[in-house]
Amino acid sequence: MLKLSSFSLAGYLKSHFDDIIPNKFFVSHNYPNPFNPMTMVDIHTISKSYLSVGIFDVNGRMVKTLYNQDIDVGFHRFKWDGRDFDGRLLPTGVYFLNV
């Protein structure tokens, strides 16, 4: 008798992906783009260091800080829900990510 067990490829990949150390600093494009209601960006760090991730409007005004502290080596995903510092939903437009 053949017995099959359940296998989660996503779970397997996540548990093994977390142990991989990137070999260069990398910032992905945000995705999805355009987004509604949330977008994400992946950042790969090669050493433990300080990292600041901010969102700016077209006038150069910082509207949100996604991260601003020390970070460990590895793969990191940051999400932005289109809201400013006060939790207000920002208007549709162009925004810039500063790392």
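Residues numbered from 1 in each chain as written. Predicted model: local features only at pLDDT ≥ 70, side-chain atom pairs only at ≥ 80, totals over all residues. Heavy atoms only, no water.

A. Spatial organisation of the pattern of salt bridges. Throughout the structure, instances matching the rule amount to six salt bridges. Measuring nitrogen to oxygen at the nearest pair gives 2.7 Å for the salt bridge that ties Asp 42 to Arg 77. Of this pair, Asp 42 sits in strand E2 (residues 39-45) while Arg 77 sits in strand E5 (residues 74-80), and the two are 35 residues apart along the sequence. When the shortest N-O distance is used, the salt bridge between Arg 61 and Asp 57 registers 3.1 Å. One salt-bridge network, in which partners are shared between bridges, spans Asp 84, Asp 86 and Arg 88. (Salt bridge = Lys/Arg side-chain N within 4 Å of Asp/Glu carboxyl O. Helix = DSSP H or I, 4+ residues; strand = E, 2+ residues; numbered from the N terminus.)

B. Region of interest: the sheet that holds strand E6 (residues 96-98). Strand order in the open sheet formed by three strands is E4-E3-E6, with antiparallel pairing between adjacent strands. Pairing within the sheet leaves two strands with one partner each, and these edge strands are strand E4 (62-71) and E6. Strand after strand, the sheet turns through a mean of 15 degrees between neighbouring axes, direction not considered. Where strand E3 (residues 49-56) and E6 come together, three bridges link them in antiparallel fashion. Bridging from a neighbouring strand, Phe 56 pairs with Phe 96 of E6. (Pairing = 2+ DSSP bridges. Axes fitted to C-alpha atoms, helices over the stretch in contact; angles between N-to-C directions.)

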